[in-house]
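Single-letter residue listing:
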Amino acid sequence: AQSVTQLGSHVSVSEGALVLLRCNYSSSVPPYLFWYVQYPNQGLQLLLKYTSAATLVKGINGFEAEFKKSETSFHLTKPSAHMSDAAEYFCAVSYNTNAGKSTFGDGTTLTVKP
Amino acid sequence: DAGVTQSPTHLIKTRGQQVTLRCSPKSGHDTVSWYQQALGQGPQFIFQYYEEEERQRGNFPDRFSGHQFPNYSSELNVNALLLGDSALYLCASSLFWDRGRRGEKLFFGSGTQLSVL
């Protein structure tokens, strides 16, 4: 079985500050990991994915995530927050790159203060 | 290039009724996955369709059924609606095989907001 835990349902940062959104996973086989962003009244958009290549993954909009097997973590970071980053972020895990059957965390709402 | 489109955007039903939601995948995609997203939660996988067959299924009762058409579009049907079925229903499309590997990239629609009264 696989599962995802996102620590912190709400994160608030100031504009220009570091963004850190935490994700821990549980998987009995090597995982494929994803981060998605969801803006109000929109579907989810893929930010980045880890599929057993480089452990540091760079995504869109300046986000990156590092896969740490020893910590079973896949935290999302961005060096400098922008107002447009305010959204809900979901971490997801799947088997065998079948991203269609993914298990999602409950999400973290990111607020960016001016 | 049209992305994933879902219809309707909003729907209100009463308990016991039946509902059909529709999804057109992104151009070139052949696989459709359906998710239920309850308020304040992450999406939960319902099932996945490829080549007009249900390929994978999540932990949802038989009241939830689907169909995929030859043009790759898909429908989600829910019978005997319960209050707890109120949620945002998301459709995601992908390629089943992408350059020799299973498709890794999902494209989501904006969803259908279903309210059951």
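Relevant structure appears above.
What you see is a predicted model; the values in this text were computed from it and never measured.

A.B. asks: Whenever I open this one, the interface of chain B and chain A confuses me. Can you help?
C.D. replies: Reports often express the size of an interface as the amount of accessible area lost when the parts come together. At the junction of the two partners, chain B supplies 22 residues and chain A supplies 22 residues. Summed over both sides, the interface of chain B with chain A buries roughly 1,700 Å², with 51% coming from carbon and sulfur. It is Glu104, Leu106 and Phe108 of chain B in chain B that bury the most area against chain A; as a group they hold 30% of the surface buried on that side. Counting across the interface, chain B meets chain A through zero salt bridges. For the pair chain B and chain A, the interface holds four residue pairs in polar contact (both at pLDDT 80 or more). Looking at the side of chain B that touches chain A, the elements that each hand over two or more residues are strand S4 (31-37), strand S5 (44-50), strand S6 (53-57), strand S9 (87-94) and strand S11 (101-102) of chain B. Among the elements that line the side of chain B that touches chain A, the one with the most residues is S4 of chain B, at three residues.

A.B. asks: Any chance you could explain the pairing of strand S7 (residues 64-68) of chain A here in plain terms?
C.D. replies: Residue and element names in this part refer to chain A. A one-sided burial pattern is seen for S7, the buried positions being Ala65 and Phe67 and the unburied ones Glu64, Glu66 and Lys68. Sheet topology places strand S6 (residues 56-58) next to S7; three bridges connect them, and they run antiparallel. Each bridged residue has a counterpart across the sheet, and for Val57 the counterpart in S7 is Ala65. Between S6 and S7, which pair antiparallel one after the other, the connecting turn spans five residues, and Asn61 there sits at a positive phi close to 60°. As defined by bridge partners, S7 adjoins strand S8 (residues 73-78) across five bridges and the pair is classed as antiparallel. The partner of Ala65 across the bridge, within S8, is Leu76. Counted along the chain from S7 to the antiparallel partner S8, the turn is four residues long, and its residue Thr72 has a positive phi close to 45°.

A.B. asks: I'm lost on the sheet that holds S6 of chain A in this one. Help?
C.D. replies: Residue and element names in this part refer to chain A. Strand order in the open sheet formed by five strands is S1-S3-S8-S7-S6, and the pairing between neighbours is antiparallel. On the outer flanks of this sheet lie strand S1 (3-7) and S6, each paired with one strand and no other. In this sheet, neighbouring strand axes are inclined to one another by 20° on average, regardless of whether the strands run parallel or antiparallel.

A.B. asks: For this particular structure, what's the right way to read the side chain of Ser93 of chain B?
C.D. replies: Residue and element names in this part refer to chain B. Among the structural elements, Ser93 can be located in strand S9. Classification of Ser93 by relative accessible area gives buried; the value is 0%. A distance of 2.7 Å separates a polar atom in the side chain of Ser93 from a polar atom in the side chain of His29. Every residue in contact with Ser93, bar those within four places of it in the chain, is listed here: Val4, Pro25, Lys26, His29, Thr31, Lys105, Leu106 and Phe107.

A.B. asks: Would you mind going over the layout of surface pockets with me for this structure?
C.D. replies: Empty space left among the atoms is revealed by rolling a probe the size of a water molecule over them. The computed volume of the largest pocket comes to approximately 470 Å³. If you trace the largest pocket, you find 20 residues lining it, with Gln38 and Asn41 of chain A together with Gln37, Leu88 and Gln113 of chain B closest to the centre. Those elements that provide at least two residues to the lining of the largest pocket are strand S9 (87-94) of chain A together with S9 of chain B. For the lining of the largest pocket, the residue count by class is seven nonpolar, 12 polar and one charged. Estimated volume of the second largest pocket: approximately 340 Å³. In terms of lining, the second largest pocket is formed by 17 residues, of which the most central are Ser102 and Thr103 of chain A together with Gln44, Phe45 and Asn59 of chain B. Here the element with the most residues in the lining of the second largest pocket is strand S10 (residues 102-104) of chain A; it accounts for three residues.

Reading guide: rules and limits
- Residues numbered from 1 in each chain as written.
- Chains lettered and ligands numbered in written order.
- Predicted model: local features only at pLDDT ≥ 70, side-chain atom pairs only at ≥ 80, totals over all residues.
- Heavy atoms only, no water.
- Contact = heavy atoms within 4.5 Å.
- Buried area = accessible area lost by both parts, 1.4 Å probe.
- Salt bridge = Lys/Arg side-chain N within 4 Å of Asp/Glu carboxyl O.
- Polar contact = N/O pair within 3.5 Å; in protein donor to acceptor, adjacent residues only side chain to side chain.
- Helix = DSSP H or I, 4+ residues; strand = E, 2+ residues; numbered from the N terminus.
- Buried < 20%, exposed > 50% of the residue type's maximum accessible area, 1.4 Å probe, protein only.
- Pairing = 2+ DSSP bridges.
- Axes fitted to C-alpha atoms, helices over the stretch in contact; angles between N-to-C directions.
- 1 Å grid on protein atoms, 1.4 Å probe; cavity = no way out; pocket = protein on both sides within 12 Å on 5 of 7 lines; lining within 4 Å.
- Points joined across faces, edges and corners; volume = space filled by probe spheres on them.
- Nonpolar A, V, L, I, M, F, W, Y, C, P; charged D, E, K, R; others polar.

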